[in-house]
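Overview (structure and organization)
One-letter residues, chain by chain:
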Amino acid sequence: SRYVVRNIGYKICYNYIFSASYFGNGIYGLENAAMFYFGKSYKDLSQKEFINLVLMSIHPVKYDTLEKVNAKAINDEIIEIYSNFEKARKKLKKV
């Protein structure tokens, strides 16, 4: 709910959801994935890095950033999702 996200934070909420998710390369859990792929805590991820991990939890092989063959397609998809997110957020601010 919006109350939970507003008062706890979306990243913490998602951490509970993703704490047991598989992120490829033998990595389980959001915190472990953030450290493995980006070298930092999930709390310090940029929005684009966070989107990347969400995608990896959906399809760990397809969105594996260590696989250079997929890198451009992954980045393009992340940018598209991020752009749509920003557009939606701007619309909500106007309301």
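For the structure given in this document, a descriptive report is provided here. Values in this document were obtained by computation on a predicted structure and should not be read as measured data.

When helices and strands are tallied, the protein chain shows five helices and zero strands. When the helices and strands of the protein chain are placed in sequence order, the string is α-α-α-α-α. For the protein chain, with 95 residues in total, the buried portion stands at 32%. Long-range contacts, defined here as pairs at least 24 residues apart, represent 38% of the contacts in the protein chain between residues at least 6 apart.

This part takes up helix α3 (residues 30-38). For α3, the complete set of buried residues consists of Leu30, Ala33, Ala34 and Tyr37. Down the axis, α3 shows its buried residues gathered within 100° of arc, on one side only. Among the residues trailing α3, Gly39 stands out with phi positive, at a value near 70°.

Take the packing of helix α4 (residues 47-58) against helix α5 (residues 71-94) next. With their axes 10 Å apart at the nearest point, α4 and α5 run at an angle of 115° to one another. You can see that α4 and α5 cross each other, and the crossing is right-handed. Residues Gln47, Lys48, Ile51, Asn52 and Leu55 of α4 form the contact with α5, whose own contacting residues are Ile74, Glu77, Ile78, Ile81, Tyr82, Phe85, Glu86 and Arg89. Its residues assigned to classes, the contact of α4 with α5 comprises seven nonpolar, two polar and four charged.

Counting residues in each nonpolar core, the largest one holds 17 residues, and the members touching the most others are Phe23, Leu30, Ala33, Tyr37, Leu45, Leu53 and Met56. Breaking this core down by element, the ones donating at least two residues are α3, α4 and α5. Tallying contributions element by element places α4 first for this core, with five residues.

Together, Lys87, Lys90, Lys91, Lys93 and Lys94 give the surface a local cluster of positive charge. By secondary structure assignment, the location of Lys94 is in helix α5.

Time to look at a nonpolar patch on the surface. Together, Ile8, Ile12 and Tyr16 line one region of the surface with nonpolar side chains, adding up to about 320 Å² of accessible area. Looking at where Ile8 falls in the secondary structure, it is placed in helix α1 (residues 2-8). With relative accessibility at 45%, the residue Ile8 sits in the partly exposed group.

Cut-offs applied
- Residues numbered from 1 in each chain as written.
- Predicted model: local features only at pLDDT ≥ 70, side-chain atom pairs only at ≥ 80, totals over all residues.
- Heavy atoms only, no water.
- Helix = DSSP H or I, 4+ residues; strand = E, 2+ residues; numbered from the N terminus.
- Buried < 20%, exposed > 50% of the residue type's maximum accessible area, 1.4 Å probe, protein only.
- Contact = heavy atoms within 4.5 Å.
- Arc of directions from axis to C-beta.
- Axes fitted to C-alpha atoms, helices over the stretch in contact; angles between N-to-C directions.
- Left-handed = near helix turned anticlockwise from the far one by under 90°.
- Nonpolar A, V, L, I, M, F, W, Y, C, P; charged D, E, K, R; others polar.
- Core = buried A, V, L, I, M, F, W, Y, C linked by side-chain atoms within 4.5 Å.
- Patch = residues over 30% accessible without salt bridge, like charges linked within 9 Å, V, L, I, M, F, W, Y side chains within 5 Å.
- Areas by Shrake-Rupley, 256 points an atom, 1.4 Å probe, with all protein chains shown as cover.
- Salt bridge = Lys/Arg side-chain N within 4 Å of Asp/Glu carboxyl O.
- Lys, Arg positive; Asp, Glu negative; His and termini not counted.
- Charge placed at Lys NZ, Arg CZ, Asp CG, Glu CD.

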